[in-house]
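Observations on the model geometry
Residue strings, one per chain:
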Amino acid sequence: IMKECWHHDPDTRPTFAELSRRLGHIDPGISRVSVAKAQGRSLDEGAGVGSKVLDEVFPPHIAEALRQGKKIEPEHFDCVTIFFSDIVGFTDISGTLLPEEVCDMLDRLYVKLDMLADKYEMFKVETIGDAYMAVTNLLKEQHDHAARVAKFAQEAIVAANSTLVHKDKPELGSINLRVGFHSGPVVANVVGTKNPRYCLFGDTVNTASRMESNSEKNRIHVSDTAAKLVAKQDHTVELIAREKMNIKGKGIMQTYFVKQGEPVSVSLDETQFQLRLQSRRPSSRSHRLASRRVSSMSHDMPAHSVTQTNSRPSIHSIKNGSGHLNPPPHPLSISPSTAIDVDSYDEA
């Protein structure tokens, strides 16, 4: 800030209002040096911890801007792919387990999903309770961003199915996910000054959330827009057309399932998984606070999240216009009666 104030060009120097905004939150009675000494750390060590937290929570360029005290401006992205998932029957699970056990279950699941997000170079936006949100084509250009999410979703379901609800009670079974994603434009920005968050805004976020909420147990539900991109970006990913359905707030939509295929083993390094799990263990106080939040959240969860239909159409039982069953879909196509002309589709 001092160097900016010394700039030879007066027009580039910060105004008094800007200086007041950037320095107003600093308590002159508490310096970084005194805080570091009180905690038994060096000044450089204290700065390094704070910097690491920023880098974990925000994209690199946003973290750097926050370190410098700069105002974050909204950013527009023409086309990203947003992933949502939640746990099937989470309200019932929360009513069965102790809050501490719910925290442990979510932690074991999210560590696996975070490792997969690193593998596919996805940016994790946030988790809210049992909901996991991530995005591609945001931090850097990814020409296969929709296909990346499809593959990430396939492995995420496998990872969840291999995660026990309670690690000491295998009779409770494993976690099941409901997944959905959509592609489109968004605006990203940091909102708030107290516990600031990096958020995505736009109808794309709403539609992606609707894809997840209208999905089924251990299935990947995608919009027509995302399906076209997946078919264009990776011909090996198979898509199965659903019957047109009324999506709340969107009207009648043609949507698709990503075929899960044969069961595969997710290649997660067990040593790395255990290290990440241990590093994320909260202190006893923060663990108690988190448990209370999960407990109160489970009582406030809407009733529709408890209900899960056990009936779903076979992936080969979708009828075409003549009333006959379509043959099994093959790679490169979505279904014989609803093929997508990917060559004429313009991603932008």
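An account of the accompanying structure is given in this report. As the structure is a computational prediction, the values presented were derived from the model and not from experiment. (Residues numbered from 1 in each chain as written. Predicted model: local features only at pLDDT ≥ 70, side-chain atom pairs only at ≥ 80, totals over all residues. Heavy atoms only, no water.)

What follows concerns the overall build of the protein chain. Along the backbone of the protein chain there are twelve helices and ten strands. The 348 residues of the protein chain split such that 41% are buried. Intrachain contacts of the protein chain at a sequence separation of at least 6 include 68% that bridge at least 24 residues. Taken as a whole, the protein chain presents about 19,500 Å² of accessible surface, with 54% of it coming from carbon and sulfur. (Helix = DSSP H or I, 4+ residues; strand = E, 2+ residues; numbered from the N terminus. Buried < 20%, exposed > 50% of the residue type's maximum accessible area, 1.4 Å probe, protein only. Contact = heavy atoms within 4.5 Å. Areas by Shrake-Rupley, 256 points an atom, 1.4 Å probe, with all protein chains shown as cover.)

Inspection of helix H5 (residues 60–67) places Ile62, Ala63 and Ala65 among the buried residues, and these make up the whole buried set. Considered in projection along H5, the buried side chains sweep an arc of 165° and stay on one side of the axis. Gly69, located one to two residues past H5, shows a positive phi value of around 75°. (Arc of directions from axis to C-beta.)

Ile87, Phe152, Leu177, Phe181 and Val222 are the most contacted members of the largest nonpolar core, which totals 44 residues. It is helix H8 (residues 145–161) that contributes the most residues to this core, nine residues altogether. (Core = buried A, V, L, I, M, F, W, Y, C linked by side-chain atoms within 4.5 Å.)

This brings us to the environment of Ala150. Mapped onto the secondary structure, Ala150 falls in helix H8. By relative accessible area, which is 0% here, Ala150 ends up buried. As for Ala150 and Val237, which are separated by 87 residues in sequence, their C-alpha atoms are 7.8 Å apart. Sequence-distant contacts of Ala150, defined by excluding residues within four places in its chain, comprise Phe181, Ile220, Val230, Val237 and Val258.

Attention shifts here to the packing of helix H7 (residues 99–119) against H8. Between H7 and H8, whose axes approach to 10 Å, the crossing angle comes to 155°. In this view, H7 runs roughly antiparallel relative to H8, as classed from their interaxial angle. Remark: the crossing between H7 and H8 carries right-handed chirality. Counting all contacts with H7, which are made through Leu109, Lys112, Leu113, Leu116, Ala117 and Lys119, the residues of H8 involved are Phe152, Glu155, Ala156, Ala159 and Ala160. Among the residues forming the contact of H7 with H8, the class breakdown is eight nonpolar, no polar and three charged. (Axes fitted to C-alpha atoms, helices over the stretch in contact; angles between N-to-C directions. Parallel < 35°, antiparallel > 145°, perpendicular 65-115°, else oblique. Left-handed = near helix turned anticlockwise from the far one by under 90°. Nonpolar A, V, L, I, M, F, W, Y, C, P; charged D, E, K, R; others polar.)

So, about the environment of Thr136. Residue placement: Thr136 occurs in strand E3 (residues 131–136). Spatially, the C-alpha atom of Thr136 lies 8.7 Å from that of Tyr120, the residues being 16 residues apart in sequence. In this view, Thr136 contacts Val80, Thr81, Met122, Gln142, His145, Arg148 and Val149; residues no more than four positions away in its chain are not counted.

Our focus in this paragraph is the pairing of strand E6 (residues 220–223). Both faces of E6 are covered, namely the face carrying Ile220 and Val222 and the face carrying His221 and Ser223. Looking at chain direction, E6 and strand E10 (residues 255–258) are connected through four bridges and run antiparallel. By the bridge assignment for E10, Val222 is matched with Tyr256. (Pairing = 2+ DSSP bridges.)

The full count for this structure, using the stated rule, is 18 salt bridges. Among the salt bridges present, the one from Glu126 reaches Arg197, with a minimum N-O distance of 2.2 Å. In this pair, Glu126 sits in strand E2 (residues 123–128) while Arg197 sits in strand E5 (residues 197–201), placing the two residues 71 residues apart along the sequence. Measuring nitrogen to oxygen at the nearest pair gives 3.4 Å for the salt bridge that ties Arg242 to Glu216. Residue Arg242 is located in the loop between strand E7 (239–241) and strand E8 (245–247), and its partner Glu216 is located in the loop between helix H9 (203–213) and E6; the two are separated by 26 residues in the primary sequence. A single burial state applies to Arg242 and to Glu216, both of which are buried. Overlapping salt bridges, with partners in common, bring together Glu121, Lys140, Asp144 and Arg148 in one network. (Salt bridge = Lys/Arg side-chain N within 4 Å of Asp/Glu carboxyl O.)

Turning to the packing of aromatic side chains, a few remarks are in order. Under the counting rule described, the total for this entry stands at five aromatic pairs. Relative to Tyr132, the ring of Tyr110 lies with its centre 5.6 Å away and its plane at 45°, an arrangement referred to as tilted. A residue pair is termed long-range when its members are at least 10 positions apart, and Tyr110 in helix H7 and Tyr132 in strand E3 qualify at 22 residues. Tyr132 matches Tyr110 in its accessibility class, with the two residues each being buried. With centroids separated by 5.8 Å and ring planes inclined at 85°, the aromatic side chains of Phe123 and Tyr198 adopt a geometry described as edge-to-face. Remark: Tyr198 occurs in strand E5 and Phe123 occurs in strand E2; sequence separation between them is 75 residues. The pair Phe123 / Tyr198 is uniform in exposure class, with both members buried. An aromatic cluster of at least three residues, connected via ring pairs, comprises Phe83, Tyr110, Tyr120, Tyr132 and Phe152. Residue placement shows Arg219 over the ring face of Phe257; its charged tip is 3.9 Å from the ring centre. (Phe/Tyr/Trp six-rings, centres within 6.5 Å; stacked < 30°, edge-to-face > 60°. Lys NZ or Arg CZ within 6 Å of the ring centre and 35° of its normal.)

Turning to the side chain of Arg22, a few remarks are in order. If you trace the backbone, Arg22 turns up in helix H2 (residues 16–23). The buried category is assigned to Arg22, whose relative accessible area is 8%. Looking at Arg22, its side chain comes within polar contact range of the side chain of Glu4, at 2.9 Å. Engagement of the side chain of Arg22 in a polar contact is seen with the backbone oxygen of Gln68, the distance being 3.1 Å. Other than its neighbours up to four places away in sequence, Arg22 contacts Ile1, Glu4, Gln68 and Gly69. (Polar contact = N/O pair within 3.5 Å; in protein donor to acceptor, adjacent residues only side chain to side chain.)

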